[in-house]
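Spelled out, the chains give:
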Amino acid sequence: MPKAYRKSVVVVGGGAAGAAIARILSAKIKPNTAHLTLVTARPFALHLPAAIRMTTTAEGNLEDDVLIPYDNLLVNNNGTIKVGLVASIERSKEGKSAGGSVVLSTNERIHYDILVLAPGSEWSGPLAFPDDRAAVLQHIKSWRRNFKNARGIVLVGGGAVGCEYAGEIRDAFPRKKVTIVHPDSQLLNSAYPDKYRKRVEKDITSRSINVVFNDYVDDFTSVPTTTRSGRPLDGDLIVPTFGSHPATGFVKSLGSKVLNSRGQIRIRPTFQLESYSNVYAIGDVTNWEEQKQAAKAPKHAQIAAANILAQLSGKEPKTTYSGQPELIIITNGKKQGISFVGMLWGITLGNWFSSSMKGKELMVSMTRKGYGLSK
């Protein structure tokens, strides 16, 4: 009697979204009917919300906990973790619903019947981590040294990353000159109400952090430098702290209609791609109109996993996503910060909440538990 065919479910990306869905699927997929593979460029996860403090100061040796092993991620070891860089995706010649192969940079191919794309985002400056562990540790040391040796620091971008770097720098180096240059008239972006953005500005500037609005920095190498409008900036270290962009270069191999003009993957409310019923995308890379945050990943993973499990059992994926309330915690070092909860009339919370929920411990313990670790 021929052996029953086991379907192959492949998840690309081991960050917040990819790890969350891999853990859910490993707990629910029956090993005799399907095999799960998580493909990740790094042999460990990196908890990005803690990376700002980790790259600013050696205090607490955060790298010991922020670089998270995958050892316990898959429930009962149900699946395989493959370390490799995805170069492209090959479609089956039998049609869009017939699966295909994930092609690694080594030219190794991993067959999939169902594919989940969760490659996350690409960052600049101190958050542009390499993939090798030794290189990551060197990258951390290098940026700590840069911050320590700088006479003055210019942060280019006043979103969440720029604001939080300003707070961490002020904690670690109380006397350094710190300037944020932001292209808008207020910090953060228009997804948040003006009243909240003003509170963040007040909190940041209360620590003698200068903010330059409605301007840009084009030259990141020459110091001292000036803004685009010609304003001189007092700093000998220029740090890119602007937003990220989707790490979807390899996804172009699925066809020209898969990505929008921002490099985001076009999805349906089921998290299936608009053009492929057996390919899903979750996390930062989707074109769903919401702020891209790790906090959104668990809900994405739950819905996509429910649809994948339905598909594996021969049913139609019917669970849909309708978005989540916007919630953000902007820390200003360990003890200060301003938070916003987009429920009811929009709730703004101050230092105690922001410090307790994020500033003190940066959600490291909670995140490690999500990877199956006790602490």
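All figures in this text were calculated on a predicted structure; none of them were measured in a lab.

Novice: Whenever I open this one, the overall build of the protein confuses me. Can you help?
Specialist: For the protein, the count of helices and strands is nine helices and 22 strands. Its C-alpha atoms give the protein a radius of gyration of 22 Å, within 12% of the compact-globule value 21 Å for 375 residues. Seen through its C-alpha atoms, the protein measures out along the principal axes to roughly 75 × 45 × 40 Å. For the protein, the residues scored as buried account for 49% of the 375 residues in total. The long-range share in the protein, meaning contacts at least 24 apart out of those at least 6 apart in sequence, stands at 65%. A total of about 17700 Å² of accessible surface is found on the protein, and carbon and sulfur atoms cover 51% of it. With 48 positive and 31 negative side-chain charges, the protein shows a separation of 4 Å between the mean positions of the two kinds.

Novice: When you look at the packing of helix H1 (residues 16–28) against helix H7 (residues 297–312) in this model, what are you seeing that I'm missing?
Specialist: Each packed pair of helices is defined by two parameters, the angle between the axes and the distance between the axes. Where H1 meets H7, the closest approach of the two axes is 8 Å, and the angle between their N-to-C directions is 40 degrees. In terms of orientation, H1 lies oblique with respect to H7. H1 and H7 meet at a crossing whose hand is right-handed. Listed contacts from H7 to Ala16, Ala17, Ala20, Ile21, Ile24, Leu25 and Lys28 of H1 are Ala297, Ala301, Gln302, Ala304, Ala305, Ile308 and Leu309. A per-class count over the contact of H1 with H7 returns twelve nonpolar, one polar and one charged.

Novice: Would you mind showing me how to read the packing of aromatic side chains here?
Specialist: Two aromatic rings, taken as a pair, are described by how far apart their centres are and by the angle between their planes. A complete count under the given rule lists nine aromatic pairs for this structure. Judged by centre distance (6.1 Å) and plane angle (80 degrees), the ring pair of Tyr192 and Phe340 falls under edge-to-face. Linking Tyr192 in the loop between strand E12 (177–181) and helix H6 (194–205) with Phe340 in strand E21 (residues 336–341), this pair joins segments that are 148 residues apart in sequence. No difference in accessibility class separates Tyr192 from Phe340, as the two residues are buried. Of the aromatic side chains, those joined through ring pairs into one cluster are Trp143, Phe147 and Tyr165. It is Arg133 that lies over the ring of Phe44; its NZ or CZ is 5.8 Å from the centre.

Novice: For this particular structure, what's the right way to read unusual backbone geometry?
Specialist: Negative phi is the rule for most residues except glycine; trans is the rule for most peptide bonds. Going from Val223 to Pro224, the amide bond is cis rather than trans, its omega being -5 degrees. If you trace the backbone, Pro224 turns up in the loop between strand E13 (210–212) and strand E14 (225–226). Positive phi outside glycine occurs at Asn107, with the angle close to 80 degrees. Although it is not a glycine, Asn214 adopts a positive phi angle of roughly 55 degrees. With respect to the helices and strands, Asn214 occurs in the loop between E13 and E14.

Novice: Hey, could you run me through the sheet that holds strand E7 (residues 100–104) in this one?
Specialist: Spatial strand order, E6-E7-E8: three strands in an open sheet with antiparallel pairing. Taken across any chain shown, the strands that pair with only one partner, and hence form the sheet edges, are strand E6 (86–91) and strand E8 (109–112). The average undirected angle you get between the axes of adjacent strands in this sheet is 25 degrees.

Novice: What exactly am I supposed to notice about the sheet that holds strand E11 (residues 152–156) here?
Specialist: The strand order E13-E12-E11-E16 describes an open sheet built from four strands, whose pairing is parallel. Two strands close off the open sheet at either side, each with one partner strand: E13 and strand E16 (237–240). Each strand axis lies, on average, 20 degrees off the axis of its neighbour in the sheet, ignoring direction. In the sheet, E11 pairs with E16 via four bridges, with the strands oriented parallel.

Novice: Explanation requested: the pattern of salt bridges in the structure shown.
Specialist: Should their charged atoms come close, side chains of opposite charge can pair. In total, this model carries 15 salt bridges according to the counting rule given. For Arg262, the salt bridge goes to Glu289, with nearest N and O atoms at 2.8 Å. Linking Arg262 in the loop between strand E17 (245–246) and strand E18 (272–273) with Glu289 in the loop between strand E19 (276–281) and H7, this pair joins segments that are 27 residues apart in sequence. According to the relative accessible area criterion, Glu289 is exposed, its value standing at 63%. When salt bridges with common partners are traced through the structure, they connect Glu59, Asp171, Arg207 and Lys334 into a single cluster.

Novice: What is the right way to look at H1 in this model?
Specialist: Residues spaced three or four apart along an α-helix point in a common direction, a consequence of the helix completing one turn every 3.6 residues. The end-to-end C-alpha separation of H1 is 19 Å, in line with the 18 Å expected for 13 residues at 1.5 Å each. Among the residues making up H1, those that are buried are Ala17, Gly18, Ala19, Ala20, Ile21, Ala22, Leu25 and Ser26. Close packing links the buried residues of H1 with strand E1 (7–12), strand E2 (34–40), strand E9 (114–117) and H7.

Novice: Can you walk me through the side chain of Thr270 in this structure?
Specialist: Here Thr270 is to be found in the loop between E17 and E18. Since its relative accessible area comes to 7%, Thr270 is described here as buried. Excluding anything up to four places from it in sequence, Thr270 contacts Tyr280, Ala304, Asn307, Pro317, Thr319 and Thr320.

Novice: What am I meant to see in the nonpolar core here?
Specialist: Nonpolar side chains in soluble globular proteins tend to end up buried together. Of all hydrophobic cores here, the largest spans 55 residues; its most connected members are Ile21, Leu115, Leu117, Leu254, Ile265 and Ile282. Setting aside chain neighbours within four positions, we find Ile21 in contact with Val11, Val116, Ile282, Ala301, Ala304, Ala305 and Ile308.

Here is what the cut-offs are and how they apply
- Residues numbered from 1 in each chain as written.
- Predicted model: local features only at pLDDT ≥ 70, side-chain atom pairs only at ≥ 80, totals over all residues.
- Heavy atoms only, no water.
- Helix = DSSP H or I, 4+ residues; strand = E, 2+ residues; numbered from the N terminus.
- Rg over C-alpha atoms; globule rule 2.2 N^0.38 Å.
- Buried < 20%, exposed > 50% of the residue type's maximum accessible area, 1.4 Å probe, protein only.
- Contact = heavy atoms within 4.5 Å.
- Areas by Shrake-Rupley, 256 points an atom, 1.4 Å probe, with all protein chains shown as cover.
- Lys, Arg positive; Asp, Glu negative; His and termini not counted.
- Charge placed at Lys NZ, Arg CZ, Asp CG, Glu CD.
- Axes fitted to C-alpha atoms, helices over the stretch in contact; angles between N-to-C directions.
- Parallel < 35°, antiparallel > 145°, perpendicular 65-115°, else oblique.
- Left-handed = near helix turned anticlockwise from the far one by under 90°.
- Nonpolar A, V, L, I, M, F, W, Y, C, P; charged D, E, K, R; others polar.
- Phe/Tyr/Trp six-rings, centres within 6.5 Å; stacked < 30°, edge-to-face > 60°.
- Lys NZ or Arg CZ within 6 Å of the ring centre and 35° of its normal.
- Pairing = 2+ DSSP bridges.
- Salt bridge = Lys/Arg side-chain N within 4 Å of Asp/Glu carboxyl O.
- Expected span 1.5 Å × (residues − 1).
- Core = buried A, V, L, I, M, F, W, Y, C linked by side-chain atoms within 4.5 Å.

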